[in-house]
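Residue-level structure breakdown
The primary structure of each chain is shown beneath.
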Amino acid sequence: MISVETFAAGPLGCNCSIVLDSETKRAIVVDPGGDFERIAERLDAAGAAVEAIVHTHTHIDHVGATAAVQRKSGARACIHEGDRFLYDLLPVQAAMLGIEMPETVEMVGSLVDGTSIAAGAIEMGILHTPGHTPGSVTFVVKGDDGTMHVFTGDTLFRRGIGRTDLWGGDSATILRSLKERILTLPDDAVVIAGHGKNTTIGEEREGNPFLRGG
Ligand SMILES: [Zn+2]
Ligand SMILES: [Zn+2]
């Protein structure tokens, strides 16, 4: 069985998720934004063997505990190559947001549009959805009951969309990503956003004020 556990982590309450195949105990961690102890506790409680640490994008609040989770698990840490410059800019991001500079780690630029990452029975599809950042991606995981889990990072929130005024952000690009890549997913797909509450694709298609009008 594939389960998804999501909790807020790090200085800005980024949603960190543990996607687990409960049979093989293989897991993928999405956006370990901080609070390593809390993440480690949950991984240990689940007996999870982390195979990959993946990031919806490379803003500082989504990568704060990556190095620690990497050291604990030996898993590879992955980003979209389009966000590598943001990882190099971490000291600038830290200074701007007044957040302590996190420990860094080697990031593999292996999150490529149209490919997927496997761990046990988990198959996590990757959609390149730029706009919030140039290397923003959306992850899609099908649970065994057929439910689709969509990790949109800071591209789509419940009733909101991501800001585009930071390094490499672009408002026309984020709208195109939302309309062409994300809203084309099934209505009942569960959206796990980068911050805040879950929603569904259908709810956002109807009720998101930024996405109305075509
Ligand atoms: Zn962000
Ligand atoms: Zn964020």
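Located above this text is the structure these notes cover.
Presented here is an overview of the structure given in this document. All values derive from a computational prediction rather than experimental measurement. (Residues numbered from 1 in each chain as written. Chains lettered and ligands numbered in written order. Predicted model: local features only at pLDDT ≥ 70, side-chain atom pairs only at ≥ 80, totals over all residues. Heavy atoms only, no water.)

**Structural notes on the sheet that holds strand β3 (residues 26–30)**
Heads up, the rule is: Should DSSP find at least two bridges between two strands, the strands are taken to pair. Secondary structure elements are defined from DSSP: runs of H or I of at least 4 residues count as helices, runs of E of at least 2 residues count as strands, and each element is numbered from the N terminus. Fitting a line to C-alpha atoms yields each axis, with helices limited to the stretch in contact; the angle taken between N-to-C directions then spans 0 to 180 degrees.
Strand order across the open sheet formed by five strands is β1-β2-β3-β4-β5, with mixed pairing between neighbours. Of all the strands in the sheet, the pair left with one neighbour each is β1 (2–9) and β5 (76–78). Pairwise comparison of adjacent strand axes, ignoring direction, gives a mean angle of 20° for this sheet. Of the pairings in the sheet, the one linking β3 to strand β4 (residues 49–54) comprises five bridges and is parallel in character.

**Concerning the environment of I79**
As a reminder of what qualifies: Residue contacts are counted whenever heavy atoms from the two residues lie within 4.5 Å of one another.
Among the secondary structure elements, I79 is positioned in the loop between β5 and α3 (84–88). For I79 and V69, which are 10 residues apart along the polypeptide, the C-alpha to C-alpha distance reads 15 Å. Not counting residues within four places of it along the chain, the set of residues in contact with I79 comprises H55, T58, R84, M107, V108, G109, S110 and L111.

**Digging into helix α1 (residues 36–46)**
Put simply, the rule is: The rule is simple: take the accessible area with a 1.4 Å probe, protein chains only, and divide by the maximum for that residue type; under 20% is buried, over 50% is exposed, in between is partly exposed. Picture the helix axis, draw a direction to every C-beta atom, and the arc is the one those directions span.
Within α1, the full set of buried residues consists of I39, A40 and L43. Angular distribution of buried residues about the axis of α1 spans 100°; they occupy a single face of the element. Seen from the buried face of α1, the exposed residues on the opposite side, beyond 90 degrees, are E37, E41 and A45. Of the surrounding elements, those touching the buried residues of α1 are β1, β2 (14–21), β3, β4 and α2 (66–73). Remark: G47 follows α1 within two positions and exhibits a positive phi of approximately 65°.

**Overview of the packing of aromatic side chains**
This is how it is decided: Note on ring pairs: Phe, Tyr and Trp rings are taken, using the six-membered ring of Trp, and paired if centres are within 6.5 Å. Classes follow the plane angle, with under 30 degrees stacked, over 60 edge-to-face and the rest tilted. Ring-over charges, as used throughout, are those where CZ of Arg or NZ of Lys falls within 6 Å of the ring centre and within 35 degrees of the ring normal.
Per the counting criterion, the structure on display carries zero aromatic pairs. Cation over ring: R42 sits above F7, and NZ or CZ is 4.2 Å from the ring centre.

**Details of the coordination of the zinc ion (ligand 1)**
Rule in force here: Shown as donors are all N, O and S atoms within 2.8 Å of a metal ion, widened to 3.2 Å for Na, K and Ca; because water is not in the atom set, sites may appear incomplete. The geometry test gives tetrahedral to four donors whose angles all lie between 85 and 135 degrees, gives square planar to four donors and octahedral to six donors whose opposite members are over 155 degrees apart with all other angles between 65 and 115, and gives irregular to the rest.
Those protein atoms acting as donors to the zinc ion (ligand 1) are H57 (NE2), H59 (ND1), H132 (NE2) and D154 (OD), and they sit at 2.2 to 2.3 Å. Angles of 88 to 168° at the metal separate the four donor atoms of the zinc ion (ligand 1), which places the site in the irregular class. Taken in chain order, the donor set of the zinc ion (ligand 1) reads H-x1-H-x72-H-x21-D. The distance between the zinc ion (ligand 1) and the zinc ion (ligand 2) comes to 3.5 Å, and D154 binds to both of them. On the criterion of sequence distance, the pair formed by H57 in the loop between β4 and α2 and H132 in the loop between β7 (122–128) and β8 (137–142) is long-range, its members being 75 residues apart. With respect to class, H57 is no different from H132; both count as buried.

**Observations regarding a nonpolar patch on the surface**
Spelled out, the test is: Patch membership requires over 30% relative accessible area and the absence of a salt bridge. Like charges are linked within 9 Å, and nonpolar side chains (Val, Leu, Ile, Met, Phe, Trp, Tyr) within 5 Å. The Shrake-Rupley method, run with a 1.4 Å probe sphere, supplies the accessible areas, and residue values consider only the shown protein chains as cover. Salt bridge, as applied in this entry: a Lys or Arg side-chain nitrogen positioned within 4 Å of an Asp or Glu carboxyl oxygen.
Residues L12, M96 and L97 make up a contiguous nonpolar surface patch of roughly 280 Å² in combined accessible area. Accessibility expressed as a relative area gives 49% for M96, which makes it partly exposed.

**Regarding the coordination of the zinc ion (ligand 2)**
Protein ligation of the zinc ion (ligand 2) involves D61 (OD), H62 (NE2), D154 (OD) and H195 (NE2), the donor distances falling in the range 2.1 to 2.5 Å. Coordination at the zinc ion (ligand 2) is irregular: its four donor atoms span angles of 85 to 158° at the metal. The sequence pattern describing where the donors of the zinc ion (ligand 2) fall on their chain is D-H-x91-D-x40-H. Look at D61 and you get buried, because its relative accessible area is 5%.

**Side note on the state of the cysteines**
Put simply, the rule reads: For this text, the term disulfide refers to a pair of cysteine sulfurs within 2.5 Å.
Using the criterion set out here, one finds zero disulfides in the structure. With no disulfide of its own, C14 has C16 as its nearest cysteine by sulfur position, at a separation of 6.7 Å. C16 sits in the buried class, given a relative accessible area of 0%.

**Section: the pairing of β7**
Relative to β7, strand β6 (residues 116–119) is paired through four bridges, and the arrangement is antiparallel. Bridged to I117 within β7 is M124. Taking the residues that link successive antiparallel strands as the turn, the β6-β7 hairpin has two residues, and the phi of G120 there is positive, at about 55°.

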